Amino acid sequence: MNPAPHPRPAPGLPGLPGRRGLLGGLLAGAALAAVPVPALAAPARAGARPAPAPASPAGPRATRPLLLGTYTSEGGGGTGIGTAAYDTGTGTITPGPVISGVENPSYLAPHPSGATVYAVAEQGAGAVTAVAIGPDGTYEVLGSRPTGGSGPTHLSVHPSGRWLLSANYTSGSVAVHPIVEDGSLGERTDLVTHSSPPPGPGQGGPHAHQIVTSPDGGHVLAVDLGTDTVYTYRLDASAGTLTEVSRAALTPGSGPRHLVFHPGGRFAYLACELDNTMVVCAYDPATGALTPGPGQSTGTGSGVSYPAQPVVTGDGAYVYLANRGHNSLTRYAVEGDGAVLRLLDTVPVGGDWPRQLALSPDSSLLFAANQRSSTVTVFGVGPDGSLTGAGTPFPAPVAVCVLPLP
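Read on for a plain summary of the structure. (Residues numbered from 1 in each chain as written. Predicted model: local features only at pLDDT ≥ 70, side-chain atom pairs only at ≥ 80, totals over all residues. Heavy atoms only, no water.)

### Concerning the pairing of strand β20 (residues 290-297)
Moving residue by residue along a regular strand, the side chains alternate between the two faces of the sheet.
Here is step 1: Relative to β20, strand β19 (residues 277-283) runs antiparallel, the two sharing six bridges. Looking across to β20, one finds that methionine 278 is bridged to glutamine 296.
Here is step 2: Two successive antiparallel strands, β19 and β20, enclose a turn made up of six residues, where glycine 288 displays a positive phi of approximately 85°. (Pairing = 2+ DSSP bridges. Helix = DSSP H or I, 4+ residues; strand = E, 2+ residues; numbered from the N terminus.)

### Quick word on the environment of alanine 132
Here is step 1: You can see alanine 132 is positioned in strand β7 (residues 127-133).
Here is step 2: When near neighbours in sequence (up to four residues on either side) are disregarded, alanine 132 contacts Ala115, Thr116, Thr138, Tyr139, Glu140 and Leu142. (Contact = heavy atoms within 4.5 Å.)

### Looking at the pattern of salt bridges
Here is step 1: Evaluated as defined, the whole model comprises seven salt bridges.
Here is step 2: Of the charged contacts, one joins arginine 145 and glutamate 187 as a salt bridge, the two residues approaching to 2.7 Å between their closest N and O atoms. Of this pair, arginine 145 sits in strand β8 (residues 139-146) while glutamate 187 sits in the loop between β11 (173-178) and β12 (190-193), and the two are 42 residues apart along the sequence.
Here is step 3: The class for glutamate 187 is exposed, based on a relative accessible area of 54%.
Here is step 4: Arginine 247 serves as the salt-bridge partner of glutamate 244, at 2.5 Å between the closest nitrogen and oxygen.
Here is step 5: Taking relative accessible area as the criterion, arginine 247 reaches 40% and is therefore assigned partly exposed.
Here is step 6: The structure contains a network of salt bridges with shared partners spanning Arg257, Glu273 and Arg324. (Salt bridge = Lys/Arg side-chain N within 4 Å of Asp/Glu carboxyl O. Buried < 20%, exposed > 50% of the residue type's maximum accessible area, 1.4 Å probe, protein only.)

Following this line, the structure appears as structure tokens:
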């Protein structure tokens, strides 16, 4: 799947042939050869999971599970959802086998109960898959449901735990599925296509890239890269349907991709991948209205570095941003109770094309999934928000999502 024109070539970079077209030449070379991890390459039967890594002297919770998203339909990609364990003190990752029977799981999201994880199937006939996590740590694939669109790239679970929300990038639509008591998915209850406003310059059509629930649980926000718009919906908690209540217009051609809310719930930070900016947005919980401020520098210099995803520490003190073209992480200090981002610095990510970031539950570790180099890099997060590399990059075929579990 190669939904042009995403991304567009940056000055000084070779042409970037779409979301996944970069795989052929790059992964046929050294990066692919550098993934000799038998445990990751050998699929496990559904329901199997690696034994936990040995606990360190820090105690029984010194290692925690880590899941890895990838593409399964590309040469050199993965064969399902990768499993691993990470040391909560050092960040060291220990590989495990693969949860097979899951197609193109390029984004993962956990259920609030911790009993289930969900994956998109990023392909022409988009789907979402539920995977149960047993009390003994085993995994079981519970089945998939179609999203009604193509190329889903993001999903999230409503805080109630009753609804799965997904964003179809290629078809520019968002979908809702009910979550059954055992964690499996019911038939889709809604599908909304972003038919207006017109696509931004060179965008060709709507491209829903993210769907999340506001911290207060009152509204669902969908970020559309193609229409340069963030749509706010109210979710009917009984019917599982979406009703639009507000729209936030971004700069034409800016390409909003992903946002993250400050823990205070009144501000959100939005990465715009096509104009290389970060936008602080005010959020009104009463109306659901999102009000974007001016675009701010990512600290990556001239040209487009395709910022991908921001994350915010649990205490709301720091924000980090992945820059794919620049292969770096931008660090911002949060000021004014969330209203202000102050650019601090950028640091090399230690890999190629950081597609997605994740913080450990206590915000002491930062994980970066590096798509082109097929690695996950880990950083320790200091009290001042500084990032310190933790060990060598972990090999993971076409790493596009990393999910540390509590």
